[in-house]
Amino acid sequence: PNILPMIYQKFSLLLFTLLLVVSTNTVQSQIIKNSDLVYDNNIQTVLLYPMGDQLTDPVIKLNSGERLKLEFDDLSSESYTFRYTVIHCDRNWNTSDLQVMDYIEGFSEGDITDYKFSLNAIPSYVHYQGVIPSGDMHIKLSGNYVLKVYLDSDDDENVIFTRRFFVYEELATVGADIPYYPKKLEYTQHKQQIDLTVSIPELFNTQADQRVKVFIRQNGRWDNMKRNLIPTTVLSNRLEYNYPDGIVFDGGNQFRYFDMKSYYYQAPNIRRIISLDNGYDVILYTDNSRAGRQFETYTDIHGMRLVKARNDQETNIEGEYARVDFSLRVSRFPDADVYILGALTDWQLDPDSKMNYDKNRRMYIKTLFLKQGYYNYKYVVLPRGKSVADVTLLEGDFWDTQNLYKVYVYYRNIVPDYDRLIGYHEFASF
């Protein structure tokens, strides 16, 4: 029998299947998440913070007139009109069921039209900035929000980055303390236990154990956040959280740091600065594990970054970028990866923050592309298959560490059905 038609038919079917797979992968190549992510390699140094304070989390009070400042650089050689919108989310950062008109009054989209071309910077870039929300957009409800910035339309393929922010109501009062002696004595001098109480108006007392949920965040981390905490005791207008082992975080250690606001001199922790035709290389001194070593007290900025050039430079358009080389001399971790954690990597545990192990040099290495400024960071170990990184293996674990904690109190509203952020409290461990 003539088998050529059969072969051709099978080949055509195989080719169609391959094309379908490629096409499907192309369509799904960019799936937008409600997180702090950049989807365009040209976009660098995305900042979102309350007006006037770059080192503060993007949190604003409902109906207060407070605004957030947005800044970012685009390494393109031409300018664009970027647009943005905001998405309301539930307490777990899933897109809520609300309609845009439920939480936005006025325009639901805005334009980012304030931009400047860089001056004498290598590589060149365009710096954009804006105020969120604009005067034409009013946020009506509290809760978690995602800022989505895009070109032309908010279809997934057009989104260039997303950023989370919070809008809170000042209704709940949080009391928090960190005792020296935790409930589990083996944690003494190492872990930080949060003793927590929440005072709420009687309006929110009905089914408080079901409707009120508390989240606690350490510094800027998302991976080790305590989520959906429910009260162990409900009084008339007071909620207590007395868990048998307590609400416990690793103490960790102070953040490591380096200062590259200027490329004219080598600040502490910088071994060498190399000026090349295509930019700067900043080589940091090789780091070592601090686990098992004595605790050293100094002031850090809780893992944040201060994007700042020399005083004679305008940071926005004259600040220059550098390739910053990190190295960590430790033995390779089996079945685990090492990450650089801090605002310099957007607090993400992803390929952009993961270090590579150099067998010849017997160390982990990583190069980050960063703008002039002052930076904090830590090294963390993430076992494969896990989502919470371990800071103690490389940084140590000390009760004395100056950590910054943020407490978010959510109330599940019925009509309309959404998670209200009825309380926000920030406190330092010392």
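Our subject is the structure that appears above.
What you are looking at is a predicted structure, and each value in this text was computed from that prediction instead of being measured.

A. Structural view of the pattern of salt bridges. Overall, the coordinates contain 26 salt bridges when judged by the stated rule. Taking the shortest distance from any N to any O, the salt bridge between glutamate 240 and arginine 238 comes out at 3.2 Å. Taking the relative accessible area as the measure of exposure, glutamate 240 reaches 19% and is therefore buried. Owing to a relative accessible area of 32%, arginine 238 belongs among the partly exposed residues under this scheme. The salt bridge partner of lysine 261 is aspartate 259, with a shortest N-O separation of 2.7 Å. Among the residues examined, aspartate 259 registers a relative accessible area of 15% and is labelled buried.

B. Just the environment of isoleucine 139, in detail. As for its placement among the helices and strands, isoleucine 139 is situated in strand β10 (residues 137–139). Given a relative accessible area of 7%, isoleucine 139 falls into the buried group. Through-space distance from the C-alpha of isoleucine 139 to that of asparagine 63 is 7.8 Å; in sequence the pair is 76 residues apart. Non-local contacts of isoleucine 139, meaning those with residues more than four positions away in its chain, are made with Leu62, Asn63, Tyr103, Ile104, Pro133, Tyr145, Phe165 and Val167.

C. Expanded view of the packing of aromatic side chains. Per the counting criterion, the structure on display carries 35 aromatic pairs. An angle of 85° between the planes, with centres 6.1 Å apart, marks the rings of phenylalanine 255 and tryptophan 347 as edge-to-face. In this pair, phenylalanine 255 is assigned in the loop between β19 (247–250) and β20 (256–259) and tryptophan 347 in the loop between β26 (336–341) and β27 (356–358), connecting sequence segments 92 residues apart. Residues phenylalanine 255 and tryptophan 347 agree in their burial class; the two are buried. Through a chain of ring-to-ring contacts, the aromatic side chains of Phe72, Tyr80, Phe82, Tyr115, Phe117, Tyr128 and Phe161 assemble into a single cluster.

D. Focus on a negative patch on the surface. Taken together, the side chains of Asp154, Asp155, Asp156 and Glu157 present a region of like negative charge at the surface. Looking at the element boundaries, aspartate 154 is found in the loop between β11 (143–151) and β12 (159–168). The class of aspartate 154 is partly exposed, set by a relative accessible area of 33%.

E. Fine view of the environment of leucine 344. Looking at the element boundaries, leucine 344 is found in the loop between β26 and β27. Under the relative-accessibility criterion, leucine 344 is labelled buried at 9%. Along the primary structure leucine 344 and methionine 304 are separated by 40 residues, whereas in three dimensions their C-alpha atoms are 7.4 Å apart. Those residues in contact with leucine 344 that sit more than four places away from it in its chain are Phe258, Arg305, Phe326, Leu368, Leu370, Tyr375, Asn376 and Tyr377.

F. Summary view of the side chain of aspartate 281. Structurally, aspartate 281 is set in strand β22 (residues 279–284). A polar contact of 2.7 Å, which involves the side chain of aspartate 281, links it to the side chain of arginine 323. Excluding anything up to four places from it in sequence, aspartate 281 contacts Arg272, Ile273, Ile274, Leu276 and Arg323.

G. Quick peek at the layout of surface pockets. Its boundaries defined by the atoms lining it, the largest pocket holds a volume of some 780 Å³. Around the largest pocket, the lining comprises 30 residues; the ones closest to its centre are Val38, Thr345, Asp346, Asp350 and Asp352. Where the lining of the largest pocket is concerned, the elements lending two or more residues are β1 (37–38), β2 (43–50) and β28 (363–371). At six residues, β28 tops the list of elements feeding residues into the lining of the largest pocket. Among the residues forming the lining of the largest pocket, the class breakdown is twelve nonpolar, eight polar and ten charged. Within this model, the second largest pocket holds a volume of roughly 390 Å³. Every residue lining the second largest pocket is counted, 16 residues in all, and those nearest its centre are Arg256, Asn269, Asp287, Arg290 and Glu296. Of the residues belonging to the lining of the second largest pocket, the class tally is six nonpolar, five polar and five charged.

H. Quick peek at a nonpolar patch on the surface. Together, Tyr180, Tyr181 and Leu185 make up an exposed nonpolar region whose accessible area comes to about 350 Å². Locating tyrosine 181 in the fold gives a position in the loop between β13 (173–177) and β14 (191–199).

I. Layout of the nonpolar core. Membership of the largest hydrophobic core comes to 52 residues, with the highest contact counts inside it found for Leu70, Phe72, Leu147, Val149 and Phe165. Ignoring sequence-local partners within four residues, the contact set of valine 149 consists of Leu70, Phe82, Arg83, Tyr84, Ile112, Val159, Ile160 and Phe161. If you look at the next biggest cluster of nonpolar residues, it comprises 30 residues, including Val282, Ala322, Val330 and Ala336.

J. Representation of the sheet that holds β2 in the model. If you trace the four strands from one edge of the open sheet to the other, you get β2-β4-β9-β8, paired in antiparallel fashion. Two strands in the sheet have a free side with no partner beyond their single neighbour: β2 and β8 (114–117). Between one strand and the next, the sheet's axes are offset by a mean angle of 15°, whatever the strand orientation. Of the pairings in the sheet, the one linking β2 to strand β4 (residues 68–74) comprises six bridges and is antiparallel in character.

K. The arrangement of empty space enclosed by the protein in detail. Taken as a whole and assessed by the stated rule, the structure comprises two cavities of 30 Å³ or more. The volume enclosed by the largest cavity comes to roughly 330 Å³. Around the largest cavity, the lining comprises 20 residues; the ones closest to its centre are Leu48, Pro58, Arg163, Met304 and Trp347. At the level of secondary structure, the elements contributing two or more residues to the lining of the largest cavity comprise β2 and β12. Among the residues making up the lining of the largest cavity, the classes are represented as ten nonpolar, three polar and seven charged. In this structure, the second largest cavity spans a volume of roughly 70 Å³. Along the walls of the second largest cavity sit Gln218, Asn219, Arg221, Asp250, Gly251, Gly252, Phe255, Leu341, Lys378, Val380, Val391 and Asn403, which together make up its complete lining.

Criteria and thresholds
Residues numbered from 1 in each chain as written. Predicted model: local features only at pLDDT ≥ 70, side-chain atom pairs only at ≥ 80, totals over all residues. Heavy atoms only, no water. Salt bridge = Lys/Arg side-chain N within 4 Å of Asp/Glu carboxyl O. Buried < 20%, exposed > 50% of the residue type's maximum accessible area, 1.4 Å probe, protein only. Helix = DSSP H or I, 4+ residues; strand = E, 2+ residues; numbered from the N terminus. Contact = heavy atoms within 4.5 Å. Phe/Tyr/Trp six-rings, centres within 6.5 Å; stacked < 30°, edge-to-face > 60°. Patch = residues over 30% accessible without salt bridge, like charges linked within 9 Å, V, L, I, M, F, W, Y side chains within 5 Å. Areas by Shrake-Rupley, 256 points an atom, 1.4 Å probe, with all protein chains shown as cover. Lys, Arg positive; Asp, Glu negative; His and termini not counted. Charge placed at Lys NZ, Arg CZ, Asp CG, Glu CD. Polar contact = N/O pair within 3.5 Å; in protein donor to acceptor, adjacent residues only side chain to side chain. 1 Å grid on protein atoms, 1.4 Å probe; cavity = no way out; pocket = protein on both sides within 12 Å on 5 of 7 lines; lining within 4 Å. Points joined across faces, edges and corners; volume = space filled by probe spheres on them. Nonpolar A, V, L, I, M, F, W, Y, C, P; charged D, E, K, R; others polar. Core = buried A, V, L, I, M, F, W, Y, C linked by side-chain atoms within 4.5 Å. Pairing = 2+ DSSP bridges. Axes fitted to C-alpha atoms, helices over the stretch in contact; angles between N-to-C directions.

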